[in-house]
Amino acid sequence: MIKQALLGEFLYEAENTRKILKAIPDSALDWKPSEKNWTTGQLASHIAEVYNWYAPTFNQDVFDMEKYGYDKGDISKAENILAKFEENVANAQKVLEESDESTYFNEWKMEMNGNVLFPPAPKIQVIRGFLYNHLYHHRGELVVYLRSTGNKVPGLYGPTADDKM
């Protein structure tokens, strides 16, 4: 039952993520709100990357960031970021569908060079916080980036100011 609930949300929210990534024009990719922030392209690429974390989160009890490697690819075009998202989301969906619910309450942690980056927590809590909520947070940032660059924002949970009623 837990898997079905996670999968339902995953599929719904993956479509919302797809909508927001499709709304990014190439002209906005280099924009960032301050020197401390990522560019729009970097933020969008990070959103696509979160889906790459499903396998080590669902299938391992320790995510070793020292061994983690990820090729963001060419993020100079929005279509490339969207393609990477599509690849990652398909893989993530397969991982979720094949996951074993009996492991959802195993203790999970993230380490790098022997240092704990994400403290031990039940895997289900990590799935909700580290995978799902983390993604929603960055997606919200991306909405602000799009608005700040004068671009339209698609409705994710209903109409936006850009939709004519």
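Data block above holds the structure.
Looking only at helices and strands, one finds five helices and three strands in the protein chain. Counted from the first residue to the last, the protein chain has its helices and strands arranged as α-α-α-β-α-β-β-α. Compactness check: the protein chain gives a C-alpha radius of gyration of 17 Å against a globular reference of 15 Å for 165 residues, within 12% of the reference. For the protein chain, the spread of C-alpha atoms along the principal axes amounts to about 45 × 35 × 25 Å. Within the span of the protein chain, comprising 165 residues, buried residues form 42% of the whole. Long-range pairs, those at least 24 residues apart, make up 69% of the contacts in the protein chain between residues at least 6 apart in sequence. Taking the 18 positively charged and 24 negatively charged side chains of the protein chain as two groups, their mean positions are separated by 4 Å.

Here we take up the sheet that holds strand β2 (residues 107-112). Here we have three strands laid out as an open sheet, ordered β1-β2-β3, and mixed in their pairing. Looking at which strands have only one partner, the edges of the open sheet turn out to be β1 (62-64) and β3 (115-122). Pairs of neighbouring strands in the sheet enclose a mean axial angle of 10°, with direction left out of account. The strands that helix α5 (residues 123-148) touches are β1, β2 and β3; relative to β3, the one it contacts most, it runs at about 115°.

Quick look at the packing of aromatic side chains now. The final tally for this structure, using the stated rule, is 17 aromatic pairs. Between Y68 and Y70, the ring centres sit 6.4 Å apart and the planes meet at 5°, which makes this aromatic pair stacked. The structure contains a cluster of three or more aromatic residues connected by ring pairs, namely F10, Y51, Y54, F58, F85, Y104, Y132 and Y136. Taking the ring centre of Y70 as reference, the NZ or CZ of K84 above it sits at 5.4 Å.

Counting 42 residues, the largest nonpolar core has F10, Y51, Y54 and Y132 as the members making the most contacts within it. At the level of elements, α1 (2-22), α2 (40-50), α3 (54-59), α4 (78-98), β2 and α5 are the ones that each hand at least two residues to this core. For this core, the element with the highest residue contribution is α5, accounting for eleven residues. With residues up to four places along the chain from it excluded, the contact list for Y51 reads F10, E13, A14, T17, F85, N88, V89, A92 and L135.

Attention shifts here to the pairing of β3. Where β2 meets β3, five bridges bridge the pair, whose relative direction is antiparallel. If you follow M112 over to β3, its bridge partner there is N115. Where β2 hands over to β3, the hairpin turn is made up of two residues, of which N113 adopts a positive phi near 55°.

For side chains bearing opposite charge, pairing can occur when the charged atoms are close. In this structure the tally under the stated criterion is eleven salt bridges. Between E15 and R18 there is a salt bridge whose closest N-O contact spans 2.7 Å. Here the residue E15 and the residue R18 both occupy positions in helix α1, the gap between them amounting to three residues, near one helical turn. Where K72 meets E49, a salt bridge forms, and the shortest distance between an N and an O atom there is 2.8 Å. Residue K72 is located in the loop between β1 and α4, and its partner E49 is located in helix α2; the two are separated by 23 residues in the primary sequence.

Most of α2 sits out of view: ten of its eleven residues are buried. Listing the buried residues of α2 in full gives T40, G41, L43, A44, S45, H46, I47, A48, E49 and V50. Packing partners of the buried residues in α2 comprise α1, α3, α4 and α5.

How each quantity is defined
Residues numbered from 1 in each chain as written. Predicted model: local features only at pLDDT ≥ 70, side-chain atom pairs only at ≥ 80, totals over all residues. Heavy atoms only, no water. Helix = DSSP H or I, 4+ residues; strand = E, 2+ residues; numbered from the N terminus. Rg over C-alpha atoms; globule rule 2.2 N^0.38 Å. Buried < 20%, exposed > 50% of the residue type's maximum accessible area, 1.4 Å probe, protein only. Contact = heavy atoms within 4.5 Å. Lys, Arg positive; Asp, Glu negative; His and termini not counted. Charge placed at Lys NZ, Arg CZ, Asp CG, Glu CD. Pairing = 2+ DSSP bridges. Axes fitted to C-alpha atoms, helices over the stretch in contact; angles between N-to-C directions. Phe/Tyr/Trp six-rings, centres within 6.5 Å; stacked < 30°, edge-to-face > 60°. Lys NZ or Arg CZ within 6 Å of the ring centre and 35° of its normal. Core = buried A, V, L, I, M, F, W, Y, C linked by side-chain atoms within 4.5 Å. Salt bridge = Lys/Arg side-chain N within 4 Å of Asp/Glu carboxyl O.

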